[in-house]
Amino acid sequence: MSGTQTTLQGAGNRNGTAKQRTFNFDHSFMTAGSPSSPQYASQVMVFNDIGRNVLAHAMEGYNTCVFAYGQTGSGKSYTMMGSESEPGLIPRICDELFNRIDVIDASFHVEVSYLEIYNERVRDLLNPRSTANLRVREHPSLGPYVEDLTKAAVSSNKEILAHMSQGNKARTVAATSMNEASSRSHAVFTIVLTRRTHNEALGQVTERTSRISLVDLAGSERANSTKATGVRLKEGSKINQSLAALGKVISALADSDKPHAELESSKKRDIYVPYRD
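Everything numeric in this text was worked out from a predicted model, so none of it was measured. (Residues numbered from 1 in each chain as written. Predicted model: local features only at pLDDT ≥ 70, side-chain atom pairs only at ≥ 80, totals over all residues. Heavy atoms only, no water.)

1. Focus: helix α1 (residues 43–59)
Okay, so step 1: The largest bend along α1 reaches roughly 35° and is located at G51.
Okay, so step 2: Among all positions of α1, only Q43, V46, F47, G51, V54, L55, A58 and M59 are buried.
Okay, so step 3: Buried-residue contacts for α1 involve β3 (64–68), α2 (76–80), α3 (89–103), β4 (107–118), β11 (186–199) and β12 (204–216).
Okay, so step 4: Directly beyond the C-terminal end of α1, a positive phi value near 105° is found at G61. (Bend = angle between axes of the 7 residues up to and from the residue. Helix = DSSP H or I, 4+ residues; strand = E, 2+ residues; numbered from the N terminus. Buried < 20%, exposed > 50% of the residue type's maximum accessible area, 1.4 Å probe, protein only. Contact = heavy atoms within 4.5 Å.)

Right, dumping it as structure tokens:
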């Protein structure tokens, strides 16, 4: 890693020379080697570069989202959740949220929900005893939502962490040959932030709602690498199926954002974004 660039050093080819490929990102975090190295990206650094911006936009009233995407065992859950000694992005965002609420002259109402998508079925992690397959609906003005999903009102970071811990215990994880605690489901932790401001001059109360969606996706995997069989193989198949659907959505969104002249003739007609998939 060098600045915003990541360079991959490939294996040598027939001539004995190794192929090198360089990729550019908004941020490029080095997590190999010793944590005492000046290049090492700590959880604090990831939060400062990504989490603070996400929180700032949410406080302004915008919906925000972070999702961890990548191969199984690549550190997605560690980045999002972290450990007890090194909290990840989600606990740090929750902690900073209440630090900011305490110093702003306005009234706030905070609700959290936690769900997982396991084998294409939606489960409520805040109500793990329920075995119901929840349905995803779409509201004409509020957008997609999950019907009958538990929403818990919270007034402190301690309460958020308690709900998060309860949900994490109910998440579906299992061991594979590539990851001893592999996430077998996609998890979505949502914070709904409602800000109420009283305008004394006009005698009005204005209300602004924003949503922070924090997503820990299950990792893509190859069956011959994970040695998956039986239930693990079925899980891997469903994980890859849903990640492929997500990839198509991202690709369509990227195409719809390009200038019309840059698109291939076959794509110049109206681009369909397959959200329902």
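2. Quick notes on the packing of α1 against α3
Okay, so step 1: Direction vectors running N to C along α1 and α3 enclose 50°, while the axes themselves pass 9 Å from each other. Here α1 lies oblique to α3, going by the angle between them. The interaxial crossing formed by α1 with α3 has right-handed handedness. Counting all contacts with α1, which are made through Q43, V44, V46, F47, I50, G51, R52, V54, L55, A56 and M59, the residues of α3 involved are L89, R92, I93, E96, L97, R100 and I101.
Okay, so step 2: Classifying every residue of the contact of α1 with α3 gives 12 nonpolar, two polar and four charged. (Axes fitted to C-alpha atoms, helices over the stretch in contact; angles between N-to-C directions. Parallel < 35°, antiparallel > 145°, perpendicular 65-115°, else oblique. Left-handed = near helix turned anticlockwise from the far one by under 90°. Nonpolar A, V, L, I, M, F, W, Y, C, P; charged D, E, K, R; others polar.)

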